[in-house]
Amino acid sequence: MPDPTPSLSLPHVAGLVRASIPPMHPGGRPLVAAVAGAAALVRAATGRGAVAGALATAATALFFRNPRRVRPPLTGVVLAAADGTVATVSEVPPPAELDLPREPVPRVSVFLSVLDVHVQRIPVDGRVLDVAYRPGTFLSADLDKASEDNERNALLLQTGDGARIGVVQIAGLLARRIVCDVAPGDEVAAGETYGLIRFGSRVDVYLPPGSRVAVAPGQRTIGGETVLAALPGTA
C-alpha cells in the first residue's frame, strides 16, 4: 500500500520556505540596500557589528514586506486599504483635494504602527479619477489633526456603479516618504497593492454617504481582506 504522506524533498521544503517569507515592496529596496551598505562599512572599518548589521538589515526588509492577500468573494463592499488599528470612525468633510462635495461623509481612519505591514491596497474595483499630493507636517499619525496637517497623498476612485471613494495616505511622526504607484485613468482591482508609507503612518478612507460602516475603533484591519463598509444600495 503506498505511503499517503508526501516526501519532504528539497524542492518541496524550499517551496514551503518561499511561501512563508513575503516578498518586499520595491519602494523599500533602496533603504534596505542603504542599511546593508552601512552595516558592511562598519564591519569593514571596525571588524565588528556583523550580527547587529544583519539584524538591522533584516528588520528593515521586514518593515517593507508585501504579503499575499486574498480578497473576500463579496460585491458592493469597501475593503481595508491598510493593515493596522481603526483609530476613528466619524463623519467629516473630505479634504479639498479629493474633489468631493464638502459635506460630512463616513471616514474610517486606520493607524499603522512601525510593526504593521506598510503597503496600501486598493479598496474597490474601479478607476482612478485623480491623485493629489500635499506637503505638510509630521505629527504623530494617531492624532486626529494629522488628517489635515500632515504630508499626505489622496487617491479618488470611482466604481463601475459610480460610487466615489477617497483614500488618503498620511505620513506619520517618523515617515518621510509616501509612494503611490497609480495614476489618473488607471483601472484597478480591490486588494491590489498601490502604494507605501515609510515608517509609521495612517490611512483614511472616505466613503459615499449612506455607506454602512462594518468596523469599530480599536479593531484590527487586514489590507485587502477586512470589509470596512457596505456601499449604499447593497443588501
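Everything that follows concerns the structure shown earlier in this document.
Here is a short report on the structure shown in this document. None of these values were measured; they are calculated from a predicted model.

1. What to know about the overall build of the protein chain
Per the secondary structure count, the protein chain includes 4 helices and 14 strands. A total of 235 residues make up the protein chain; the buried ones form 43% of that total. Long-range contacts, defined as pairs at least 24 residues apart, comprise 72% of the intrachain contacts of the protein chain with a sequence gap of at least 6. For the protein chain, the accessible area works out to roughly 12,000 Å², and carbon and sulfur atoms hold 61% of it.

2. Observations concerning unusual backbone geometry
Of note, Asp99 is a non-glycine position whose phi angle comes to about 55°, a positive value. Assignment of secondary structure puts Asp99 in the loop between β2 (84–92) and β3 (105–112). For Asp99, a relative accessible area of 59% gives the class exposed.

3. Some words on the pairing of strand β10 (residues 193–197)
Within β10, 4 of the 5 residues are buried, which leaves the element mostly enclosed by the surrounding structure. The sheet contact formed by strand β4 (residues 119–121) and β10 spans 3 bridges and is antiparallel. Looking at the pairing, Val119 lines up with Leu196 of β10. With 3 bridges joining them, strand β8 (residues 178–180) and β10 adopt antiparallel strand pairing. Residue pairing across strands places Ile178 opposite Ile197, the latter belonging to β10.

4. Here's the deal with the sheet that holds β10
Spatially, 3 strands are ordered β4-β10-β8 in an open sheet, and the strand pairing comes out antiparallel. Among the strands making up the open sheet, the edge pair consists of β4 and β8. The mean angle between the axes of side-by-side strands here comes to 25°, regardless of whether they run parallel or antiparallel.

5. Observations regarding the nonpolar core
Ranked by internal contacts, the top residues of the largest apolar core, which has 29 residues, are Leu155, Leu157, Ile165, Val167 and Val205. Of all the secondary-structure elements, those providing two or more residues to this core are β3, β6 (152–158), β7 (164–171), β10, β11 (201–206) and β14 (227–230). Dropping the residues within four chain positions of it, Val205 is found in contact with Val78, Ala81, Pro106, Arg107, Val108, Ile165, Gly166, Val167 and Leu228. Residues Val92, Leu98, Ala154 and Tyr206 belong to the second largest nonpolar core, which totals 9 residues.

6. Things to note about the pattern of salt bridges
Evaluated as defined, the whole model comprises 5 salt bridges. Across the salt bridge formed by Asp116 and Arg220, the nearest N and O atoms sit 2.7 Å from each other. One end of the pair, Asp116, is in the loop between β3 and β4; the other, Arg220, is in strand β13 (residues 220–221), with 104 residues separating them in the sequence. Judged by relative accessible area, which is 7%, Asp116 ranks as buried.

7. Details of the pairing of strand β5 (residues 126–134)
Both β5 and strand β9 (residues 187–188) contribute to a ladder of 2 bridges, which runs antiparallel. In the sheet register, Arg127 faces β9, and the bridge partner there is Glu187. Inspection of the sheet shows β5 paired to β6 by 7 bridges, in the antiparallel sense. Each bridged residue has a counterpart across the sheet, and for Asp130 the counterpart in β6 is Leu156.

8. A short note on the sheet that holds β14
Strand order in this open sheet of 3 strands is β1-β14-β12, and the pairing throughout is antiparallel. In this open sheet, the two strands that pair with only one neighbour each are β1 (77–79) and β12 (212–213). Pairing analysis gives 3 bridges linking β1 to β14, with the strands arranged antiparallel. Looking across to β14, one finds that Val77 is bridged to Ala230.

9. As for the environment of Tyr194
With respect to the helices and strands, Tyr194 occurs in strand β10. Owing to a relative accessible area of 0%, Tyr194 belongs among the buried residues under this scheme. Along the chain, Tyr194 and Gln120 lie 74 residues apart, while their C-alpha atoms are 5.9 Å from each other.

10. Regarding the environment of Val86
Along the chain, Val86 turns up in strand β2. For the pair formed by Val86 and Ala216, sequence separation is 130 residues and the distance between their alpha carbons is 6.6 Å. Excluding anything up to four places from it in sequence, Val86 contacts Val108, Ser109, Val110, Val215, Ala216, Pro217, Gly218, Gln219 and Thr221.

Procedures and definitions
Residues numbered from 1 in each chain as written. Predicted model: local features only at pLDDT ≥ 70, side-chain atom pairs only at ≥ 80, totals over all residues. Heavy atoms only, no water. Helix = DSSP H or I, 4+ residues; strand = E, 2+ residues; numbered from the N terminus. Buried < 20%, exposed > 50% of the residue type's maximum accessible area, 1.4 Å probe, protein only. Contact = heavy atoms within 4.5 Å. Areas by Shrake-Rupley, 256 points an atom, 1.4 Å probe, with all protein chains shown as cover. Pairing = 2+ DSSP bridges. Axes fitted to C-alpha atoms, helices over the stretch in contact; angles between N-to-C directions. Core = buried A, V, L, I, M, F, W, Y, C linked by side-chain atoms within 4.5 Å. Salt bridge = Lys/Arg side-chain N within 4 Å of Asp/Glu carboxyl O.

Taken by themselves, the reported measurements are silent on function.
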